[in-house]
Amino acid sequence: MPAVHHKLLLEEALQDSPQTRSLLSVFEEDSGMLTDYTNKLLQSMQRVFGAQSEMGLATEQLSQQLLEYEKKNFALGKGDEEVITTLQSFAKTVGELNSLHSELANQMADSMVFPLIQFREKDLTEISTLKEIFGIATDEHEAAMVKYSRLPKKKENEKLKADLVKEVAYTRRKQHQASLQYYCALNALQYRKRVAMLEPMLGYTQAQISFFKKGIELVSKKMDNFLSSVSNMTQSIQAQLDTEAEAMRAAQRELLSVEDTVYMPDKDTEPVNRTLIQKAGYLNIRNKTGLVTTAWDRLYFFTQGGNLMCQPRGAVAGGMVLDLDNSSVMAVECEDRRYCFQITSPSGKTSMILQAESKKEYEEWICTVNNISRQIYLTDNPEAVAIRLNQTAIQAVTPITSFEKRQEGSPNPDRAKPGGAHATSSGSQKSGAAPEPEDLIAPGTPIQFDIMLPASEFQDQNRAGGRRTNPFGETDDDCSTESDDSLLQQVFAVRFLGSMAVRCGDNQEVIYEAMRQVLAARAIHNIFRTTESHLMVTSSNLRLIDPQTQVTRISFQLGEVCQFAAHQENGRLMGFVVEGRDWSDGDEEGEPSFSAFVFESNTEGEKICYTISLAKDITEAKKDPEALAQLMKNMPLTNDGKFLLLEPETGDMTNGAGQEDLESEA
């Protein structure tokens, strides 16, 4: 290290010559430049330290984020188990690296940033302070010399002269001491600045070397085999991606090599298929927006069983638009648009006008609706019709919910067979053990959120030559007179929540499990809207009535209701199980099938259950005149001979019908 050649001579401090002052100015300029450089260097080092500290925080966050991958439960994450395990190993390694980064940040703070701050605060601040003291002492000495120089020649005042001489001597000594301290500090600064420049970088380099050594030990001892396996796995995935990408490019080239007529809406080259019983595609539907104004919306329509469904773009599931049973379809002219046709319900009260995008689609939609309405549901043998149309009977007569999952490679839905599980459920109950949810309801059973009859009722009514109840239309005229002679008529305001097939009908637990699954499915699929209806309980049947139109949406014979219960905690929830028959296996008698219906009432569900129980008692009592007379004697009756409930409904009936009379009649 070369020696310092320039320094201030302490012997010349007392004389304070111009040459000494000139050299002093050089030292002061050098000190000022050193101060500016030190401040900038400290900012750079603090930035490096801040980046290293941020690196530690970032690696810690990265480690936590790698662990979050497992908790995301991606819907398409099947087969990610190996990736999850690898990410967990990486998270552990990153956590160890985080400790190394934190240690490196602490070493930088101690050996790089702190020495430079100490040099600035101690040495450079000392120079600045001594400079101020030296300047004050110089000014005081100059002022004393001015006073001494003004002593008059005549009548010298010895006392004044002596005071001025003492003052000059005092200020000169003071200036001499300040200059000596100042000169010594400036001379020492030439050595200290070299140490101050080298020591922080020495600490920084040593800290980095220690960090790299520990990192190499970590990687070489623990990570070699792991990184090799991860590299092989990524190469394998990349090879699979390349193969899949090439297959997709080939498929893309094949799909794009078709003729332009494929993209043209009215250039169909294939003949019209007039034997379809299922159809799906986009149609324009005509909606009224005012008294005379209309709007057309393009929506996706499809048929399921005997129903026309509609699913808006982005919706989770489709909803029922129209019941096609006994409906009529015809071509119409509408607003100068092509390919329009109209579907009308049997009652004639509900109709909709739809528009297809091509003539082929237009004709196939009309034929499909006709086939569903006439060739399937109005024939005595729907299976034979389905075979003639190259379809299965299940597809022809069974309504399929939007939430069903089809088995891979199979055109038929994976439907639960509630009848087949009934024996197992009964056996488990006889053994005294609490039934499992799988014993009550088959896993994956679809849930209907709209009023639609079970499949067994479709087939039962078709075999009998009758016509099934229209969920959103009027029923047969004779249905309205079935309950005229009923001894009990009680109406409750309810909201239908959902229905599903169950495996047994002799256990209230199946109702509670159905309630749980229906409410969970509504929450998962964000289905919160419900429509209020009137549930009429009579001594012969249960009927769900539209409160606006008084149209019966669905009805059940009281003998079909094999179980009913209210929720144990939420008293407004109630449900019942309906027993039917399933002829899908070709059995003449049919296998028993059960469906659970869940409702939310405006009053306590126990009241509805009590009314259903009373209705069953009345039905049983009708078989024995003496028992019926005894029951009528024990229960209060109205003037027309109908049973009067002691706690009438108040506030449950809409349109102000709830408080008209203590007797509950529809």
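Everything below is about the structure printed above this text.
Predicted model only: the values in this text are computed from it and were never measured. (Residues numbered from 1 in each chain as written. Predicted model: local features only at pLDDT ≥ 70, side-chain atom pairs only at ≥ 80, totals over all residues. Heavy atoms only, no water.)

Draft legend 1. Expanded view of helix α10 (residues 509-524). The end-to-end C-alpha separation of α10 is 23 Å, in line with the 22 Å expected for 16 residues at 1.5 Å each. Those residues of α10 not exposed but buried are Val510, Ile511, Tyr512, Glu513, Ala514, Met515, Val518, Ala521 and Arg522. Buried residues belonging to α10 abut α8 (437-440), β8 (447-448), β9 (489-502), β13 (561-566), β14 (573-582) and β15 (591-601). (Helix = DSSP H or I, 4+ residues; strand = E, 2+ residues; numbered from the N terminus. Expected span 1.5 Å × (residues − 1). Buried < 20%, exposed > 50% of the residue type's maximum accessible area, 1.4 Å probe, protein only. Contact = heavy atoms within 4.5 Å.)

Draft legend 2. How the structure looks around the side chain of Thr538. Looking at the secondary structure, you find Thr538 in strand β10 (residues 532-538). Only 2.8 Å separates the side chain of Thr538 from the side chain of Asn541, close enough to count as a polar contact. (Polar contact = N/O pair within 3.5 Å; in protein donor to acceptor, adjacent residues only side chain to side chain.)

Draft legend 3. The pairing of β9, seen in detail. Among the 14 residues in β9, 13 count as buried, and that is most of the element. Direction of pairing for β8 relative to β9: antiparallel, over a ladder of two bridges. Pairing of Gln448 across the sheet is with Ser499, part of β9. Relative to β10, β9 runs antiparallel, the two being bridged by seven bridges. The partner of Val491 across the bridge, within β10, is Met536. (Pairing = 2+ DSSP bridges.)

Draft legend 4. Highlighting the side chain of Thr59. Along the chain, the position of Thr59 falls in helix α1 (residues 18-68). Looking at Thr59, the relative accessible area reads 8%, which means it is buried. When residues no more than four places from it in sequence are discounted, the contact partners of Thr59 are Val94, Asn98 and His101.

Draft legend 5. Expanded view of the sheet that holds strand β6 (residues 340-344). Taking strand neighbours across the sheet as the criterion, the seven strands line up as β4-β3-β2-β1-β7-β6-β5 in an open arrangement whose pairing is antiparallel. Strand pairing shows two members of the sheet lacking a second neighbour, β4 (319-323) and β5 (328-331), which therefore form its edges. Sheet twist, expressed as the mean angle between neighbouring strand axes with direction ignored, is 40 degrees. Where strand β1 (residues 280-288) lies against strand β7 (residues 351-355), two bridges are found, and the strand directions are antiparallel. If you follow Ile285 over to β7, its bridge partner there is Leu354. (Axes fitted to C-alpha atoms, helices over the stretch in contact; angles between N-to-C directions.)

Draft legend 6. Local environment of unusual backbone geometry. Its identity is not glycine, yet Asn73 carries a phi of approximately 50 degrees, on the positive side. For Asn73, the position within the fold is in the loop between α1 and α2 (81-149). Taking the relative accessible area as the measure of exposure, Asn73 reaches 65% and is therefore exposed.

Limitation: the analysis is restricted to geometry and does not speak to function.
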